[in-house]
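# Residue-level structure breakdown
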Amino acid sequence: MTPRLLRTAVATALALGALGALGLTQPARAASSDGVHTVRVPDGDPHERSLAPRTTEPFSLIGVTWDDPDAALTGTAQVRTRSRESGTWSAWRPLETDVRTPEAGPDRDRAGVRGSTQPLWTGPSDGVQMRVSGSRLPEGLRVELVDPEAGSGAVHTATVEPDVVGPAAGPYSAERPVVTSRSAWGADESLVKDPPTYTGDTKAMFVHHTAGTNDYACSESASIVRGVFLYHVQSNGWNDIGYHFLVDKCGTVFEGRAGGIDKPVLGAHSYGFNTATSSVSVLGDYSKAATDAVVRESVAKVAAWKLGLYGIDPTGTVVLASGADNGKYKLGQKAMFHRISGHRDGYPTECPGQHLYGDLPEIRTLAANAGKSAEPAAEPPALLDDDEDVLGR
């Protein structure tokens, strides 16, 4: 061995010894691609798996994925992360496990689609510990560490797209809200391999929350959106970010899935009801935290404008047919929904959190007030039987 190689070997051994003394392990069997660093969870007990504390590549968002996109993690997944700034470890934090692969479209049919938890925003971190338990854990578990500041698509800008489009004509039209464009928040369009899929007219708006932390600065919101995009594309294997719009706790609206915010783009947000619907997801967890007025107003403005493009009263209802057996509705089963509904109305989940869900009546009222009644309707719509398909409008 040459003197240089000897010095390198000794330095490596000393570094590994130091990590061992701190109770940390090296990130074995890890891989990275375009801002996402993955660590495979060792196989073993079908009911419990874990990762010991370890130093990792930098990341700010974390989640867990597995091989079978149709398998559910019926249990709990928890993570601890280490702050890059302070070096301290967080408390154990749960990951939401109610994500499902879309029932149709390229997000389901693409090779490499994986099952997953919701991602969690951690802020700048460089260490992780994980534990997961359940009745029978899916195979191929891995931890996804997302660094939204890495990769070719990292763009650092807060430019907001100007509101230059006026209200559409019609009895329930509304002005388009100011929206932060994909280029402004830094979407790496090279990662979106397939063109958008378009469905029929948008019939309803589903409201979500990202189920991450509320402890973020609004200056970080573009990074959070970029992180969710990378997680949905690189970790879930979807074609694009699942949501059509995202709103941060300061009320800033972000463009989500590509294809045109004024177009009926097929999303990946509400398993069983992705067709002919749109979505808006609020950054944060509203199971315990209350929303601010600016959040409710922004969600209402997005819904009023989007539904108004089709002349839809945002306080009305619609019958939708489920596109999958999703645990709440059977394939083909019809159900009545508010035009502005919560994710839990169509799928067995706590999303969008009890507080945001409780805000939906107010959001519907705000959306109605945001609309501009350009002319009265010729006559009120006829009442339809529950079994009648009213997806035409």
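Residues numbered from 1 in each chain as written. Predicted model: local features only at pLDDT ≥ 70, side-chain atom pairs only at ≥ 80, totals over all residues. Heavy atoms only, no water.

## Quick notes on the overall build of the protein chain
Assigned secondary structure in the protein chain consists of eight helices and 17 strands. Within the span of the protein chain, comprising 393 residues, buried residues form 51% of the whole. The contacts in the protein chain between residues at least 6 apart in sequence include a share of 75% that link residues at least 24 apart. Surface accessibility of the protein chain: about 17000 Å² in total, with carbon and sulfur atoms responsible for 53%. (Helix = DSSP H or I, 4+ residues; strand = E, 2+ residues; numbered from the N terminus. Buried < 20%, exposed > 50% of the residue type's maximum accessible area, 1.4 Å probe, protein only. Contact = heavy atoms within 4.5 Å. Areas by Shrake-Rupley, 256 points an atom, 1.4 Å probe, with all protein chains shown as cover.)

## Focus: the state of the cysteines
As enumerated under the stated definition, the model contains one disulfide in all. In this model, C218 is linked to C250 through a disulfide, with the two sulfur atoms separated by 2.0 Å. Here the disulfide of C218 and C250 is right-handed, its torsion about the S-S bond being about 90 degrees. You can see C218 sitting in the loop between β10 (204-209) and α4 (221-235) and its partner C250 sitting in the loop between β11 (245-247) and β12 (253-255), a full 32 residues away along the chain. (Disulfide = S-S within 2.5 Å.)

## Side note on helix α8 (residues 360-370)
It helps to recall that an α-helix has 3.6 residues per turn; residues three or four apart then point in one direction. Residues of α8 that are buried: L360, I363, R364 and A367. Taken around the axis of α8, the buried residues stretch over an arc of 100 degrees, which confines them to a single face. (Arc of directions from axis to C-beta.)

## Observations concerning the environment of D147
Tracing the backbone shows D147 in the loop between β8 (142-146) and β9 (173-174). Its relative accessible area of 16% is what places D147 among the buried residues. Here the alpha-carbon distance between D147 and L61, two residues 86 residues apart in the chain, equals 6.8 Å. Other than its neighbours up to four places away in sequence, D147 contacts G35, P58, F59, S60 and L230.

## A closer look at the nonpolar core
One finds V207, F245, V280, V299, I340 and I363 to be the most contacted residues of the largest nonpolar core, which totals 26 residues. If you list the elements that add at least two residues to this core, you get β10, β11, β13 (277-282), α5 (293-308) and α8. Counting residues per element, this core draws most heavily on α5, which supplies eight residues. One finds L61, I224, L230 and Y243 within the second-largest nonpolar core, a separate group that totals 22 residues. (Core = buried A, V, L, I, M, F, W, Y, C linked by side-chain atoms within 4.5 Å.)

## Quick word on the pairing of β13
Counting buried positions along β13 yields six of six residues, so the element is predominantly enclosed. Neither face of β13 is left uncovered, since the one carrying T277, S279 and S281 and the one carrying S278, V280 and V282 both have all their residues buried. In this sheet, β13 lies alongside β10 in parallel orientation, the contact comprising six bridges. Along β13, the bridge assignment pairs F206 with S279. Both β11 and β13 contribute to a ladder of three bridges, which runs parallel. By the bridge assignment for β13, V247 is matched with V282. (Pairing = 2+ DSSP bridges.)

## Section: the packing of aromatic side chains
Enumeration according to the criterion identifies seven aromatic pairs in this entry. Taking the centre distance of 5.6 Å and the plane angle of 85 degrees together, the rings of F273 and Y329 count as edge-to-face. Placement of the pair is F273 in the loop between β12 and β13 and Y329 in the loop between β14 (317-321) and β15 (334-338), with a sequence separation of 56 residues. Taken as a pair, F273 and Y329 share a single burial class, namely buried. What links up through ring pairs into an aromatic cluster is the set F206, F273, Y329 and F337. (Phe/Tyr/Trp six-rings, centres within 6.5 Å; stacked < 30°, edge-to-face > 60°.)

## Brief notes about the sheet that holds β13
Overall, mixed pairing links the five strands, which are arranged β12-β11-β13-β10-β16 in an open sheet. Only two strands of the sheet have a single neighbouring strand rather than two, namely β12 and β16 (340-342). Geometrically, the sheet is characterised by an average inter-axis angle of 25 degrees between neighbouring strands, direction not taken into account. Bridge analysis of β11 against β12 gives three bridges, and the strand direction is antiparallel. (Axes fitted to C-alpha atoms, helices over the stretch in contact; angles between N-to-C directions.)

## Things to note about the pattern of salt bridges
A full pass over the atoms with the stated rule returns ten salt bridges. A salt bridge links E144 to R142; the nearest nitrogen and oxygen atoms lie 2.4 Å apart. Taking relative accessible area as the criterion, E144 reaches 0% and is therefore assigned buried. When the shortest N-O distance is used, the salt bridge between R182 and E189 registers 2.8 Å. On the accessibility criterion, R182 (4% relative accessible area) is buried. (Salt bridge = Lys/Arg side-chain N within 4 Å of Asp/Glu carboxyl O.)

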